[in-house]
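One-letter residues, chain by chain:
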Amino acid sequence: MIEKIENFLTKTNEQKAVIDISNLNLIDALKTAISFSTKSFVKFPEKKICWSVKDEETKKIISNLMLKNMELQVKTVKAANKVYAIK
């Protein structure tokens with residue numbers, strides 16, 4: 001995953017990159033978001049990264065250490081938002 005993120009950040013020309021790390025646990029998501037946001041800021045100070053995390057708790061904890069070039073959003077699972085009735 002580290003290689004994929006590094007390649008994406010270096011190859012994309014967009015000013016804002018959205019990266020899904022919702023499959024990572026809290027510790028790995030925190031480590032990934034902070035380390036890559038720091039590395040990205042050093043190389044591309046104008047580029048922002050929007051990290052898509054799995055839940056509000058992860059977002060809340062990472063927000064406490066949030067850097068200038070990062071944003072956070074909670075990934076919504078569309079299938080989980082629907083209620084199904086079973087007869």
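Up top is the structure.
Residues numbered from 1 in each chain as written. Predicted model: local features only at pLDDT ≥ 70, side-chain atom pairs only at ≥ 80, totals over all residues. Heavy atoms only, no water.

Q: Just checking my understanding: could you explain the sheet that holds strand E3 (residues 70–74) for this structure?
A: Sheets are built from strands paired through backbone hydrogen bonds, the pairs being either parallel or antiparallel. In spatial order, the strands read E1-E2-E3; together these three strands make up an open sheet with parallel pairing. Both edges of this open sheet fall to strand E1 (16–20) and E3, since each of them pairs with a single strand only. Strand after strand, the sheet turns through a mean of 20° between neighbouring axes, direction not considered. Note: E1 against strand E2 (residues 48–53), five bridges, orientation parallel. Among the inter-strand pairings, Val-18 is bridged to a residue of E2, identified as Cys-50. Along the sheet, helix H2 (residues 26–43) contacts E2 and E3; its crossing angle with E2, the most-contacted strand, is approximately 170°. With respect to the sheet, helix H3 (residues 56–64) is in contact with E2 and E3, its orientation differing from that of E3 by roughly 165°. (Pairing = 2+ DSSP bridges. Helix = DSSP H or I, 4+ residues; strand = E, 2+ residues; numbered from the N terminus. Axes fitted to C-alpha atoms, helices over the stretch in contact; angles between N-to-C directions. Contact = heavy atoms within 4.5 Å.)

Q: Quick question: what am I supposed to make of the pattern of salt bridges here?
A: Charged atoms that come close allow side chains of opposite charge to pair. If you walk through the whole model with that rule in mind, you get two salt bridges. The salt bridge involving Asp-20 is made with Lys-75; its shortest N-O contact spans 2.8 Å. Residue Asp-20 is located in strand E1, and its partner Lys-75 is located in the segment after E3; the two are separated by 55 residues in the primary sequence. With relative accessibility at 35%, the residue Asp-20 sits in the partly exposed group. Among the residues examined, Lys-75 registers a relative accessible area of 37% and is labelled partly exposed. (Salt bridge = Lys/Arg side-chain N within 4 Å of Asp/Glu carboxyl O. Buried < 20%, exposed > 50% of the residue type's maximum accessible area, 1.4 Å probe, protein only.)

Q: Help me understand the pairing of E3 in this model?
A: Within a regular beta strand, the side chains point alternately toward one face of the sheet and then the other, so they alternate between its two faces. By the bridge criterion, five bridges tie E2 to E3 in an arrangement that is parallel. Bridging from a neighbouring strand, Trp-51 pairs with Leu-72 of E3.

Q: Would you mind showing me how to read the packing of H2 against H3 here?
A: For any two helices packed against each other, the geometry is given by the interaxial angle and the distance between the axes. Across the interface, H2 lies against H3 with an axial gap of 10 Å and an inter-helix angle of 40°. Here H3 runs oblique to H2, going by the angle between their axes. In the crossing of H2 with H3, the sense of the turn from one axis to the other is right-handed. Across from Leu-26, Ala-29, Leu-30 and Ala-33 in H2, the residues of H3 making contact are Thr-58, Ile-61 and Ile-62. (Parallel < 35°, antiparallel > 145°, perpendicular 65-115°, else oblique. Left-handed = near helix turned anticlockwise from the far one by under 90°.)

Everything listed here is a matter of geometry and, on its own, says nothing about what the molecule does.
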